[in-house]
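Read off the chains here:
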Amino acid sequence: MTLARVFEELIGPDAPVEFVAYDGSRAGRPGSDIRIEVTSPYALSHMVHAPGSLGIARAYVSGFLDVHGDMYETLSTLQRVMGDLSGRDKARLMRAVLRDPLLRAAVSRRLDPPPQEAPFSRVPSWLRHSKKRDAKAISHHYDVSNTFYEWVLGPSMAYTCACYPTETATLEEAQFFKHDLVAKKLGLQPGMRLLDVGCGWGGMVMHAAKEYGVKALGVTLSKEQAEWAQKAIAERGLSDLAEVRHLDYRDVTETGFDAVSSIGLTEHIGKDNLPAYFAFLHGKLKPYGRMLNHTITRPDNLAPAMRPGGFINRYVFPDGELEGPGFVQQRMNDAGFEIRHQENLREHYARTLQGWGRNLDAHWDEAVAEVGEGTARVWRVYMAGCVVGFDQNWIQLHQTLGVKLDEKGAAHMPLRPTWAS
């Protein structure tokens, strides 16, 4: 059985996809906007030895499998047309494929994962989230190339979900609006002090300093992020108000902050460490101080917080863990925060990722030259896959606002929210 015949068996003869294999066989719709190409029999080796999305991703990152056309449309189309295929059907087709001696020889050899896969991602849970290991996990993803991130993220250098105020807003407008939304929820005023943990390239820190006259401290485990941010702060004339340190948030010694923002860090903390994390942030605040937690979440707590064998954990966010919004809110509550507001920005993150994907496509040749084709491929499939995830409600994004009460239980919050909804 040719690979094209297998493909046809998998997704049907009328699928809106063109399939081309190294053996010359073809299937699907000729001239389709989406073309999947198997360039080597070793693609099957990755798929057999790491079944599911991880095996397909390894084949793609290695270059044994190629996708021509929009990656999001490819993934969503394949997910839709292959959704009803049973495990028995897949096994039957694989047995047919292995009758080919060349494929059988390729599959018999277990290939090493592509070098872009984090070599330290497969460890027992009790070894995760030490300071040393967290630094290694963050460096794996964020210390890739600031130039690469400039191309993907755009001028804002904000690597978290934007918030689109209108249907026609640009990515940059949406990132500004997100930072401003956080500032308003935190009630920032001139002269206040803000701690931004996991600050990335300093977007929130600089926004708070420039737009609100706030003295802002950001900390990040990424050395390259910290260096880029400090340079940007100096160039923008904000050094008297803004600072970014290459530092673990647990090593911040200052206290008495008026506000704390955690934008995209909770995913790296670990489910079992959330009580200590939120207690630490609570302890950094003055009475009446507010904390805004912005984090990717799961729709519920039925699935495990982490999938160690999944593509995201192996290639993108080693040790990353996601919990349901209720779980996160409960841990904030138990740490002493009174919850005052929560909202889901799921659709906004899908749009954000689409914007990043377009930026990567526009700079594809430069990105490949900067970080290598394998890393660029990781990003292409990761962002497109996440768009599918947010679109189909596999994952969500929640902002949760808490306040530290005084000893009498007073919050000093407005009777009604004063920020844009």
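Below: a short report on this structure. Predicted, not measured: the structure shown is a model, and the values here were computed from it.

Focus on unusual backbone geometry
One non-glycine residue, D319, lies in the positive phi region at around 70°. Within the secondary structure, D319 is located in the loop between α13 (311-316) and α14 (325-334). Assessed through its relative accessible area of 2%, D319 is described here as buried. In the Ramachandran plot, H412 falls in the positive-phi region, its phi being about 55° despite a non-glycine side chain. Topologically, H412 is positioned in the segment after β11 (396-404). Judged by relative accessible area, which is 56%, H412 ranks as exposed.

Description of the sheet that holds strand β2 (residues 26-28)
As summarised here, the arrangement of the 4 strands in space is β2-β1-β3-β4, forming an open sheet in which the pairing is mixed. Both edges of this open sheet fall to β2 and β4 (65-68), since each of them pairs with a single strand only. Each neighbouring strand pair of the sheet contributes to a mean axis angle of 15°, computed without reference to strand direction. With 4 bridges connecting them, strand β3 (residues 35-38) and β4 associate as antiparallel partners. Within the sheet, the bridge partner assigned to V38 lies in β4 and is L65.

A few points about the packing of helix α15 (residues 346-362) against helix α16 (residues 364-371)
Contact geometry of α15 with α16 gives a least axis separation of 5 Å together with a crossing angle of 80°. Classified by the interaxial angle, the pair formed by α15 and α16 is roughly perpendicular. Two secondary-structure elements touch here, α15 through L360, D361 and A362 and α16 through W364, E366 and A367. Per-class residue counts for the contact of α15 with α16 are 4 nonpolar, no polar and 2 charged.

Thresholds, definitions, all that
- Residues numbered from 1 in each chain as written.
- Predicted model: local features only at pLDDT ≥ 70, side-chain atom pairs only at ≥ 80, totals over all residues.
- Heavy atoms only, no water.
- Helix = DSSP H or I, 4+ residues; strand = E, 2+ residues; numbered from the N terminus.
- Buried < 20%, exposed > 50% of the residue type's maximum accessible area, 1.4 Å probe, protein only.
- Pairing = 2+ DSSP bridges.
- Axes fitted to C-alpha atoms, helices over the stretch in contact; angles between N-to-C directions.
- Parallel < 35°, antiparallel > 145°, perpendicular 65-115°, else oblique.
- Contact = heavy atoms within 4.5 Å.
- Nonpolar A, V, L, I, M, F, W, Y, C, P; charged D, E, K, R; others polar.

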